[in-house]
Amino acid sequence: MRKLFILFCLLASGFANAQSEQLAYNYFDRGEFEKAITILEEIVVKQPGNYAFFQKMVECYQQLKQYDKAETAILNKLKTSKMPNLYVELGYNFQLQKNEVKATENYNIAIEQIVLQSSYSYSVASVFEQKTLLEWAIKAYEVGRVGNPNLNFDYQIALLNGQMGNLEAMVEKLLDYSFSNQYNTPLVQNQLTRFISEDTEGNFTEYIKKALLIRVQKNQDIYWNQFLSWYFMQQKEYGKAFTQEKAIYKRNPEGFYNIVNLAKFAIEEKENETAKTIFQFILENTQDYGLQIKAHDFLISMQIEESLEKEYPVIQQTIEGLIKQYGISPFTLELQILSANFDAFYMKQFDKAKTTLEDALALRLTARQESEVKMKLADILVLDEKFNQAILYYAQISETLKNDEKSHEASMKMAQTSFYKHDFDWALQQVKVLKQSSSLLIANDAIELFLLISDNSAEDSTRVALKAFSKADLLIYQKKNDLALAQFLEILEQHKGDTIEDNVLYKIAQIYEKKKEYTKALTYYKTILDNHSNGIYVDEALFYSAEIYRKYLNENDKAKPLYEKMIFEHADSIYFTEARKQFRLLRGDAI
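Residues numbered from 1 in each chain as written. Predicted model: local features only at pLDDT ≥ 70, side-chain atom pairs only at ≥ 80, totals over all residues. Heavy atoms only, no water.

## Considerations on the pattern of salt bridges
So, point 1. Per the stated rule, a full pass over the model turns up 34 salt bridges.
So, point 2. Of the charged contacts, one joins Lys131 and Glu89 as a salt bridge, the two residues approaching to 3.0 Å between their closest N and O atoms. Of the two residues, Lys131 is situated in the loop between helix H7 (121-130) and helix H8 (134-147) and Glu89 in helix H5 (residues 85-96); the sequence distance between them amounts to 42 residues. There is no split in this pair, since Lys131 and Glu89 are both buried.
So, point 3. In this structure, the salt-bridge partner of Glu370 is Lys374, at a minimum N-O distance of 3.2 Å. Here Glu370 pairs with Lys374, and both are found in helix H21 (residues 367-383), just 4 residues apart, close to one helical turn.
So, point 4. Judged by its relative accessible area of 32%, Glu370 falls in the partly exposed class.
So, point 5. If you follow the salt bridges from partner to partner, you end up with Lys376, Asp379, Lys406, Glu409 and Lys413 in one network. (Salt bridge = Lys/Arg side-chain N within 4 Å of Asp/Glu carboxyl O. Helix = DSSP H or I, 4+ residues; strand = E, 2+ residues; numbered from the N terminus. Buried < 20%, exposed > 50% of the residue type's maximum accessible area, 1.4 Å probe, protein only.)

## A closer look at the packing of helix H15 (residues 257-268) against helix H16 (residues 272-285)
So, point 1. The N-to-C vectors of H15 and H16 enclose an angle of 155°; their axes lie 8 Å apart at closest approach. Between H15 and H16, the interaxial angle falls into the category roughly antiparallel. Read as a crossing pair, H15 and H16 show a hand that is left-handed. Along its contact with H15, which presents Ile259, Val260, Leu262, Ala263, Ala266 and Ile267, the element H16 presents Thr274, Ala275, Ile278, Phe279, Phe281 and Ile282.
So, point 2. For the contact of H15 with H16, the per-class residue count stands at 11 nonpolar, 1 polar and no charged. (Axes fitted to C-alpha atoms, helices over the stretch in contact; angles between N-to-C directions. Parallel < 35°, antiparallel > 145°, perpendicular 65-115°, else oblique. Left-handed = near helix turned anticlockwise from the far one by under 90°. Contact = heavy atoms within 4.5 Å. Nonpolar A, V, L, I, M, F, W, Y, C, P; charged D, E, K, R; others polar.)

## Section: helix H30 (residues 538-552)
So, point 1. Between its first and last C-alpha atoms H30 spans 21 Å; for 15 residues at 1.5 Å apiece the expected length is 21 Å, and the two agree.
So, point 2. Counting buried positions along H30 yields 12 of 15 residues, so the element is predominantly enclosed.
So, point 3. The complete set of buried residues in H30 reads Val538, Asp539, Glu540, Ala541, Leu542, Phe543, Tyr544, Ser545, Ala546, Glu547, Ile548 and Tyr549.
So, point 4. Here the buried face of H30 lies against helix H25 (440-459), helix H28 (501-514), helix H29 (518-531), helix H31 (556-569) and helix H32 (576-587).
So, point 5. Following H30 by one or two positions, Asn554 adopts a phi angle in the positive range, close to 55°. (Expected span 1.5 Å × (residues − 1).)

## Focus on the packing of helix H10 (residues 167-180) against helix H11 (residues 185-197)
So, point 1. Across the interface, H10 lies against H11 with an axial gap of 9 Å and an inter-helix angle of 160°. Classified by the interaxial angle, the pair formed by H10 and H11 is roughly antiparallel. Of the two elements, H10 crosses H11, and the hand of that crossing is left-handed. Between H10 and H11, the residues in contact are Leu167, Met170, Leu174, Tyr177 and Ser178 and Thr185, Val188, Gln191, Leu192 and Phe195, respectively.

## Digging into helix H17 (residues 289-306)
An α-helix turns once per 3.6 residues; consequently, residues spaced three or four apart project the same way.
So, point 1. Under the 1.5 Å per step criterion, the end-to-end length of H17 is 26 Å for 18 residues, consistent within 8% with the ideal 26 Å.
So, point 2. All of the buried residues in H17 are Leu291, Gln292, Ile293, Ala295, His296, Asp297, Phe298, Leu299, Ile300, Met302 and Ile304.
So, point 3. Where H17 is buried, its residues meet H15, H16, helix H18 (312-326) and helix H19 (333-345).
So, point 4. The opening residue of H17 is Asp288, an N-cap whose side-chain oxygen sits 2.8 Å from the backbone nitrogen of Gly290. (Polar contact = N/O pair within 3.5 Å; in protein donor to acceptor, adjacent residues only side chain to side chain.)

## Considerations on the packing of aromatic side chains
A ring pair, where both rings are aromatic, is described by two values, the distance of the centres and the angle of the planes.
So, point 1. Counted according to the given criterion, the structure contains 41 aromatic pairs.
So, point 2. Consider the rings of Phe179 and Trp224, whose centres lie 5.3 Å apart with planes at 20°: the pair is stacked. Placement of the pair is Phe179 in helix H10 and Trp224 in helix H13 (residues 222-234), with a sequence separation of 45 residues.
So, point 3. Looking at Phe179, the relative accessible area reads 27%, which means it is partly exposed.
So, point 4. For Trp224, a relative accessible area of 3% translates into the label buried.
So, point 5. Consider the rings of Tyr238 and Phe265, whose centres lie 6.5 Å apart with planes at 5°: the pair is stacked. (Phe/Tyr/Trp six-rings, centres within 6.5 Å; stacked < 30°, edge-to-face > 60°.)

Dropping the structure here:
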């Protein structure tokens, strides 16, 4: 019983101490230093070895300008403890009183202690850093390293240089640290990424590039090629990244993982020429059938986009030849889906395409593979205006792959199909949920369709314009661009000034751009910018106009201000990163 009583007392005492400590911190955080100091003084007496509470007590004295009490407390502490960081505390107390001579004197004593014992360097530097005495903190680390060359403080010194604005020195130190501690490379790259994201002028990225290029030239270690490849990927310079990856592969031809990954990024960023080059390199250098099929799939997809209708039969033969070469199995599913897509969307051979996919469903597929086949089958059914059947397949995918991005994609396509069949209310219910999708592109498409339906339903309860828009939009999906253009122009004439106008203007501009009638496309984009400056297509109009001027008309002087406007007024746009990159290039930055 007596033991239980003692245990109870100890627990009660511990609980009371914890409450006091929390209360002291609460007072301190609220700036109520007089209340905090009374509690902290008691805690320091009870826990003389707890440096954190001692430090808080000294800081309270200093906040209350009771410098004599702070000095006495530090000097008393020095009688029982020879920790050199106490000299930093004492020096800082003098500095607060504008006594720079005594402050420097004590800082130097702390540094001298590191000379005697290098292990003090981290604790002393940390206190200097807490006091924002960054140059002294760097000195503490450097002195410690002189005393013990095995100590590596490059990372800490780098971050201190960053806080001081010495970005070039920071980059050098971080790179030195990463090379010496290669397992910490992701840590270093995360720090660099943080600074890159805040680098509006491009100076910091230039420091990194310069430092890495020097290291690649001076040091033949493959590590620097890998780091430079990482840098170019951050800058979305995939062609330059590939140059580094090729150099890596030639010296260490163990695999294609990084190269394939690079190709995927290039595809996502519409860097098709770079992706082509990468996949051609893969075809020439790998015996892996999976990689070969992936490469063929991409290269033929690109060929399809760039071909004229008269070339379609040859492409069809090429695809069929590859399927014959590699065989029909789950292994060649990508080629089978590509074949069905081409037959339906380009050759208009719907039955043949459906048969290909239905045969694929009979194979032993994973749930994801089966969903990919069903997705393409549903797409073809929409093309053939078999909307209800398509919706059934999309719903199956959404159910099978719940909470997966593929499920969200299927749900978005289901909403779009409902829109095509004029079931606007059901489409609206779908996109209400999809606006919160983790995929930025799906969320963006969902918001666009939501606003299109809701805005035009409010203005016109009969939804006459919306129905006409839906029919024209389906024609675009069916690659009947001339018919779609005629219908959109008719909608524009009949509903000029209505809410739907900016949606129609955007579609017309997009069609003219596809037809390579760039001047006409620019006219409609400009109408959006002039007459619908608060609409949802302003960032698209700015970006695509800039792209036309830069890529097709070679008028960079007109592209540059459009990119600039994108950067400063539409930072939340999905086109922001690319606009910033192109603006910097046109400005002459070395990216």
